[in-house]
Amino acid sequence: MLGAMVPDQFAESIYEINLKELKDRGVKGVITDLDNTLVEWDRADVTPELLDWIEMVHQEGLKLTIVSNNTKKRVSTFSEPTGVAFIHSAKKPLTRAFKRAMREMGLQKNEVVVVGDQLLTDVFGGNRGGFYTILVVPVSETDGWMTKANRKVEQMVMRKLERRKRHHGSE
């Protein structure tokens, strides 16, 4: 169970992900979370920096889909001005929305990465779906109430993973 919560890669932010490297490995699509991955959970609009990143994703020839547990209103208000495809009310960590995004992009699992800021939703769901996962540091130090609860569980998981790593490293 714990192994399913370990991301394949860590990054400080989406801006630190090497898109060219992903493309060179055969990646053709990126599924990303919205809140605290792309922008702060309480920010309604796209930042100029994020618009530049979206353009870079497209310049690399990669497809991009936002998969969010948030409401249609929240996700569509954010996504529609950017032209980025989205799936709202995703019920992550269930895998249905990830697989739907993959199908809508016309890609296979090995051609898609899942990027997010939460172990319990983004990484766990992406790993369960068989995708390569990248965990980023949340862009905001604050969270909505549900995410706050998830973060407490994530802290316990991270401590357990650290203990396991130290234990195995000492053998």
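Only a predicted model underlies this, so the values are computations on that prediction, with no experimental measurement involved.

(A) Local environment of the overall build of the chain. When helices and strands are counted, the chain shows 6 helices and 6 strands. Its helices and strands in sequence order give the chain the pattern β-α-β-α-β-α-β-α-β-α-β-α, from N to C terminus. The proportion of buried residues among the 171 residues of the chain is 49%. At a minimum sequence separation of 6, the contacts of the chain that also span at least 24 residues come to 68%. For the chain, the exposed surface amounts to about 9300 Å²; the carbon and sulfur share of it is 52%.

(B) Spatial organisation of the pattern of salt bridges. Applying the stated criterion across every chain yields a total of 8 salt bridges. A salt bridge links K28 to E111, with the shortest nitrogen-to-oxygen separation between them at 3.1 Å. Here the residue K28 occupies a position in the loop between α1 (19-24) and β2 (29-32), and E111 occupies one in the loop between α4 (96-105) and β5 (112-116), the gap between them amounting to 83 residues. Via salt bridges that share partners, D33, K92 and D122 belong to a single interconnected network.

(C) Summary view of helix α2 (residues 48-59). Between its terminal C-alpha atoms α2 stretches 16 Å, which fits the 16 Å expected from 12 residues at 1.5 Å a residue. Turning to α2, its buried residues are L50, W53, I54 and V57. The buried residues of α2 occupy one face: seen down the axis, they fall within an arc of 100 degrees. Turned more than 90 degrees away from the buried face of α2 sit P48, D52 and Q59, all of them exposed. Among the structural elements, α1, β3 (63-67) and α3 (72-79) are those in contact with the buried residues of α2. In the segment just after α2, G61 is the residue with positive phi, at about 80 degrees.

(D) Region of the structure containing the environment of M56. Within the secondary structure, M56 sits in helix α2. M56 sits 36 residues away from K20 along the chain, and the two C-alpha atoms are 9.7 Å apart.

(E) Inspection of the side chain of T47 at higher detail. If you trace the backbone, T47 turns up in the loop between β2 and α2. The class of T47 is buried, set by a relative accessible area of 15%. A polar contact of 3.0 Å, which involves the side chain of T47, links it to the backbone nitrogen of L50. Residues within four places of T47 in sequence aside, it is in contact with Y15 and V39.

(F) Geometry of the sheet that holds strand β6 (residues 132-136). Read across the open sheet, the 6 strands follow the order β1-β6-β5-β2-β3-β4; overall the sheet is parallel. With one partner strand each, in any of the chains shown, β1 (9-11) and β4 (85-87) form the two edges of the open sheet. Averaged over all neighbouring strand pairs, the angle between strand axes comes to 25 degrees, with direction disregarded. Strand contacts of α4: β2, β3, β4 and β5, with the helix running at about 155 degrees to β3, the strand carrying the most contacts.

(G) Representation of the pairing of β3. The buried fraction of β3 amounts to 4 of the 5 residues, a majority that puts the element mostly inside the structure. Across 4 bridges, β2 lies against β3 in parallel orientation. Counted as the bridge partner of V30 is L64 from β3. Note on the crossover from β2 through α2 to β3: the handedness is right-handed. Where β3 lies against β4, 3 bridges are found, and the strand directions are parallel. Looking at β4, one finds that I66 is bridged to F86. In terms of handedness, the path from β3 via α3 over to β4 forms a crossover that is right-handed.

Cut-offs used in this document
Residues numbered from 1 in each chain as written. Predicted model: local features only at pLDDT ≥ 70, side-chain atom pairs only at ≥ 80, totals over all residues. Heavy atoms only, no water. Helix = DSSP H or I, 4+ residues; strand = E, 2+ residues; numbered from the N terminus. Buried < 20%, exposed > 50% of the residue type's maximum accessible area, 1.4 Å probe, protein only. Contact = heavy atoms within 4.5 Å. Areas by Shrake-Rupley, 256 points an atom, 1.4 Å probe, with all protein chains shown as cover. Salt bridge = Lys/Arg side-chain N within 4 Å of Asp/Glu carboxyl O. Expected span 1.5 Å × (residues − 1). Arc of directions from axis to C-beta. Polar contact = N/O pair within 3.5 Å; in protein donor to acceptor, adjacent residues only side chain to side chain. Pairing = 2+ DSSP bridges. Axes fitted to C-alpha atoms, helices over the stretch in contact; angles between N-to-C directions. Right-handed = clockwise from strand over helix to strand, strands pointing away.

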